[in-house]
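Coordinates in review
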Amino acid sequence: MTETLPSVRGALTPDRPLAGLTWLRVGGPADWLLQPADADDLAQFLAALDPEIAVFPVGVGSNLIVRDGGIRGVVVRLGRGFNGIGIDGDLVTAGAAALDAHVARKAAAAGLDLTFLRTIPGAIGGAVRMNAGCYGTYVADRLVSARAITREGKTVTLSPDDLNFRYRQSDLPEGWVITEATFRAPHGDPDALEAKMAEQLATRDATQPTRDRTAGSTFRNPAGYSSTGRADDSHELKAWTLIEEAGMRGAVLGGAKMSDKHPNFLTNTGTATAAELESLGEEVRKKVFHSRGIRLEWEVIRVGEPVSRRTS
């Protein structure tokens, strides 16, 4: 495989362990980890890469379980060449590697309200890919356009319609890598925006296990149900209440645990494997289905292969 991969100006590391790059601290190695120097470096690499080799972009690993057998192909992780933040009028353009919290704070300092990003873990590329949202505002509500590099190495500009945003998902094609995004933000008083974000952080810390190893919310709030049982698309019924009702708050499997503080947070208590985390999540889904007839959908992305397949 060494001879088939194009050269890069950035870093290309073989058999790179990925556990240290994810918030849950689990998972096997990638065949290759690419950290491109800039967008041109990434585009040239993808254009020359054998189309049979899979490409998987990752951000800061805040919403990810890498299975214990690792990932076959090339994992792309963007770094310093992709973390700039620029402001022009009411437009905020951020590189895909810019942390959501940093974008929110820099926008607020300029009197622009992207405060919904402040408590979202991760970086802008992942936020666009997952249509991240909080406090009733989603990326889809603020995005003007995103730039991406296709699996074939072409640079494209995507509109919200191109991405076909839905609750916690979009239609970004497999192997495409988002490199930057531009948002239009409402104006606001910088001090008021800062105070708003401080209040959001305090609420998050009081209700979520922010000091534990988690990947954020584990399951999406179910569509088509409200807390009263009527059918709608409001996502009024919360995943955590279903998990609570199913008796799975604090459930444990090996080193994996559903948080006592917030039952929709799957945590690594220190010794968990990816298999234990995923298996506990699947047990939660089964219990909720048996108790309420509702199938929870994973919000955490699970990728890679189990150990048995890696070693066979």
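So, here's what we can say about the structure. (Residues numbered from 1 in each chain as written. Predicted model: local features only at pLDDT ≥ 70, side-chain atom pairs only at ≥ 80, totals over all residues. Heavy atoms only, no water.)

Observations concerning the nonpolar core
For clarity, the threshold we go by: By convention a nonpolar core is built from buried Ala, Val, Leu, Ile, Met, Phe, Trp, Tyr and Cys residues, the set being connected through side-chain atoms within 4.5 Å. The buried label goes to any residue with under 20% of its type's maximum accessible area, the exposed label to any with over 50%, and the partly exposed label to all in between, with areas taken from a 1.4 Å probe on protein chains only. For this analysis, residues touch if any pair of their heavy atoms sits within 4.5 Å.
The biggest cluster of nonpolar side chains holds 49 residues, and the ones touching the most others in it are Val103, Leu114, Ile124, Val128, Val139 and Leu143. When near neighbours in sequence (up to four residues on either side) are disregarded, Leu143 contacts Val128, Pro160, Leu163, Phe165, Ala181, Thr182 and Phe183. Leu242, Met248, Leu280 and Val300 belong to the second largest nonpolar core, which has 25 residues in total.

A look at helix α6 (residues 190-207)
Operational definition: Here a strand is any run of E in DSSP of at least two residues, a helix any run of H or I of at least four, and the numbering for each starts at the N terminus. Multiplying 1.5 Å by the residue count of a helix minus one yields the expected span of that helix. Starting at the helix axis, one direction is taken to each C-beta atom, and the arc is that of these directions. Two N or O atoms count as a polar contact when they lie within 3.5 Å, although within protein this holds only if one can serve as hydrogen donor and the other as acceptor, and sequence-adjacent residues are included solely when both atoms are side-chain atoms.
Taking 1.5 Å per residue, 18 residues should reach 26 Å; α6 reaches 26 Å between its end C-alpha atoms and fits that length. Along α6, the residues that are buried comprise Leu193, Met197, Gln200 and Leu201. Buried residues in α6, looked at end-on, bunch into an arc of 100°, giving them a common side. Those residues of α6 that are exposed and aimed more than 90 degrees away from the buried face are Asp191, Glu199 and Ala206. On its buried face, α6 sits against α2 (100-109). Where α6 begins, the side chain of Asp189 points an oxygen toward the backbone nitrogen of Asp191, at a separation of 3.1 Å.

Points about the packing of α2 against α6
For any two helices packed against each other, the geometry is given by the interaxial angle and the distance between the axes. In plain terms, the rule: To get an axis, a line is fitted to the C-alpha atoms, and for a helix only the part in contact is used. The angle between two axes follows their N-to-C directions and goes from 0 to 180 degrees. Roughly parallel means an angle under 35 degrees; roughly antiparallel, over 145; roughly perpendicular, 65 to 115; everything else is oblique. Note that Gly is not counted as nonpolar here; it falls among the polar residues with everything else outside the nonpolar set of Ala, Val, Leu, Ile, Met, Phe, Trp, Tyr, Cys and Pro and the charged set of Asp, Glu, Lys and Arg.
Packing of α2 against α6 leaves a shortest axis separation of 8 Å and a crossing angle of 155°. Our classification of the angle between α2 and α6 gives roughly antiparallel. Of the residues in α6, those touching α2 at Ala104, Arg105, Ala108 and Ala109 are Pro190, Leu193 and Met197. Class assignment of the residues belonging to the contact of α2 with α6 gives a composition of six nonpolar, no polar and one charged.

Things to note about unusual backbone geometry
Positive phi, normally seen in glycine, also occurs at Asn131, with a value near 45°. Structurally, the position occupied by Asn131 is in the loop between α3 (124-129) and β8 (133-134). A relative accessible area of 4% places Asn131 in the buried class. Not every positive phi belongs to a glycine, and Arg168 is a case in point at roughly 60°. For Arg168, the location among the structural elements is in the loop between α5 (160-163) and β12 (177-184). On the basis of relative accessibility, which here comes to 14%, the residue Arg168 falls in the buried class.

Regarding the environment of Ala47
Inspection of the secondary structure puts Ala47 in helix α1 (residues 39-48). Look at Ala47 and you get exposed, because its relative accessible area is 52%. Once the C-alpha coordinates of Ala47 and Pro6 are considered, the two residues, 41 residues apart in sequence, prove to be 9.1 Å apart. Discounting chain neighbours no more than four positions away, the residues touching Ala47 are Glu152 and Gly153.

Some thoughts on the sheet that holds strand β6 (residues 85-88)
Strand pairs in the sheet, formed through backbone hydrogen bonds, run parallel or antiparallel to each other. Heads up, the condition is: At least two DSSP bridges between two strands are needed for those strands to be called paired.
Taken in spatial order, the five strands of this open sheet run β6-β7-β12-β10-β11, and their pairing is antiparallel. A strand with exactly one partner marks an edge of an open sheet, and here the two such strands are β6 and β11 (155-158). Shown here is a sheet whose adjacent strand axes are inclined to one another by a mean of 15°, direction ignored. As judged from the five bridges shared by strand β7 (residues 91-95) and β12, these two strands associate in the antiparallel manner. Among the inter-strand pairings, Val92 is bridged to a residue of β12, identified as Phe183.

Concerning the environment of Leu34
Its place among the elements puts Leu34 in strand β2 (residues 29-35). Using a relative accessible area of 0% as the deciding quantity, one classes Leu34 as buried. Taking the C-alpha atoms as reference points, Leu34 and Phe82, separated by 48 residues in sequence, lie 14 Å from one another. For Leu34, the residues in contact, after removing those within four places along its chain, are Val8, Ala11, Leu12, Leu42, Phe45, Val74, Val75, Val76 and Arg77.

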